[in-house]
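Report on the structure
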Amino acid sequence: LSHTQAQPASIVGGIGRRTMFLLRFAAYSAIALGVAEAASAAPLRPSMVSTGAISAGRLIPLRGGSSMKRALSHENLGAEVQGHDDTLEQRIYAKDDTDEHRSLWHDLPLFEVDIGSGKPTGFVNFVCEIPKYTRKKFEIATKEPMNPIKQDEKKGQLRSFKKGDIYFNYGCFPRTWEDPDFVHPDVGVGGDNDPLDVCEIGLRQIKTCQVRPVKVLGVLCMIDEGEADWKVIAIDKEDPWADKLNDISDVEKLLPGTLDVVREWFRTYKVPDGKPENKFAFDEKFMDRAFCLTVMHETHRAWARLVKGNVEEEEAAKKEDKPAARKFTMKRNLSVPALDAMKQVEGSLLEDEARLTEAMNKAAIG
């Protein structure tokens, strides 16, 4: 998504909150309708909402997150940037059309939901962290409240890919988690403690923090420093190629070389940092859609166990009238929904589970 430009404090002060909200929402809606589809990636800027607070040396308090009111969609989500470009402090928060902050990891359903009917469309929500043709290593902050997107850092230095620009839109699926304690029988190592990664191979560039519905095509399993790091291959449902691509074999047939580019990117992207090439499971083969759906199913269930483990600790603590120990969550140092929020998400959790089961059954048949 494009982001609201910073304005002088005098201008911000002269604009009513309702007017500011309507202007932002109109801009986001225009983008969702494709008005800015062909625009090049714009640099991130501090949002109008946060400018005054940043100049005062503090961040705007987050609004929302205590409950998950209704299903989110790419049609009712915008973004707010707090902090300045190329700083450790910058965060990009998702905001809904009521101007409340939402977690892209926990609040957003795995499957896209039509906001008119409230029914799943069959496509999966993709959260873009790194737009294609860019190299700044943005990622969802899984350890922070509301899980904003931030630029990764190491020893106080912001990280970018030394290999150069990435060739596809890169991000993750919400409500998934690669559990370090789950060892896939065909891989032999546990997960990497992050949401399930996604490579969107469509033609257009997707912005950081933008959510797009995608069609799942297959998956590659990279072994990264002794951890399983699955890479789902998907395509935006509105991409010109989307109707023609239904499985990973279609990509190889109709877009030859595309999968090789993805695999070679992940094989060598750490080499400029002085690290060895990455390895891959399954003889470096991209697994098909049916197999990919089983991976999605397991990582979605792992996410559910993660947040329910947190809820069970809170419920036990309430009975004993003492603070929750949070052993399950703190074991991995992740920020997950609290008890009240989890109660709101149970319905859509069951909906995601049903859609995954239905998709796996269809893939197995045909």
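Residues numbered from 1 in each chain as written. Predicted model: local features only at pLDDT ≥ 70, side-chain atom pairs only at ≥ 80, totals over all residues. Heavy atoms only, no water.

1. Some details on unusual backbone geometry
Positive phi values are uncommon outside glycine, yet Tyr133 reaches one of about 70°. Within the fold, Tyr133 resides in the loop between strand 5 (120–130) and strand 6 (138–140). The phi torsion at Phe282 lies on the positive side, around 60°, for a residue other than glycine. Checked against the element boundaries, Phe282 lands in the loop between strand 14 (279–280) and helix 6 (289–320). (Helix = DSSP H or I, 4+ residues; strand = E, 2+ residues; numbered from the N terminus.)

2. Remarks on the nonpolar core
By size, the foremost hydrophobic cluster in this structure holds 47 residues, and its most contacted members are Leu104, Val127, Ile149, Phe168, Ile233 and Phe266. It is helix 6 that contributes the most residues to this core, 5 residues altogether. Excluding anything up to four places from it in sequence, Phe168 contacts Ile130, Pro131, Lys132, Cys199, Glu200, Val262, Trp265 and Phe266. Formed by 28 residues, the second largest nonpolar core is a distinct cluster that contains Val214, Val219, Val232 and Ala359. (Core = buried A, V, L, I, M, F, W, Y, C linked by side-chain atoms within 4.5 Å. Buried < 20%, exposed > 50% of the residue type's maximum accessible area, 1.4 Å probe, protein only. Contact = heavy atoms within 4.5 Å.)

3. Examining the pairing of strand 12 (residues 211–224)
Of all 14 residues in strand 12, 13 are buried, a share of seventy percent or more. Strand direction decides the pairing type here: strand 5 and strand 12, joined by 4 bridges, are antiparallel. Its bridge partner being in strand 12, Phe126 is matched across the sheet by Arg212. As paired strands, strand 12 and strand 13 (residues 227–236) are joined by 10 bridges and run antiparallel to one another. In the strand pairing of strand 13, Val216 is matched with Ala234. The antiparallel hairpin formed by strand 12 and strand 13 contains 2 residues in its connecting segment, where Glu225 sits at a positive phi of about 50°. (Pairing = 2+ DSSP bridges.)

4. Let's talk about the packing of aromatic side chains
For the structure on display, the rule yields 11 aromatic pairs. Note on Phe161 and Tyr269: the rings are 5.8 Å apart at their centroids and 85° apart in plane angle, and the pair reads as edge-to-face. Placement of the pair is Phe161 in the loop between strand 9 (157–158) and strand 10 (169–172) and Tyr269 in the loop between helix 5 (258–268) and strand 14, with a sequence separation of 108 residues. One exposure class covers both Phe161 and Tyr269, and it is buried. An angle of 75° between the planes, with centres 5.3 Å apart, marks the rings of Phe282 and Phe291 as edge-to-face. A relative accessible area of 17% places Phe291 in the buried class. (Phe/Tyr/Trp six-rings, centres within 6.5 Å; stacked < 30°, edge-to-face > 60°.)

5. Remarks on helix 5
Within the sequence span of helix 5, burial applies to Leu259, Val262, Arg263, Trp265, Phe266, Arg267 and Thr268. For helix 5, the elements touching its buried residues are strand 10, strand 11 (197–200), strand 12, strand 13, helix 4 (248–254) and strand 14.

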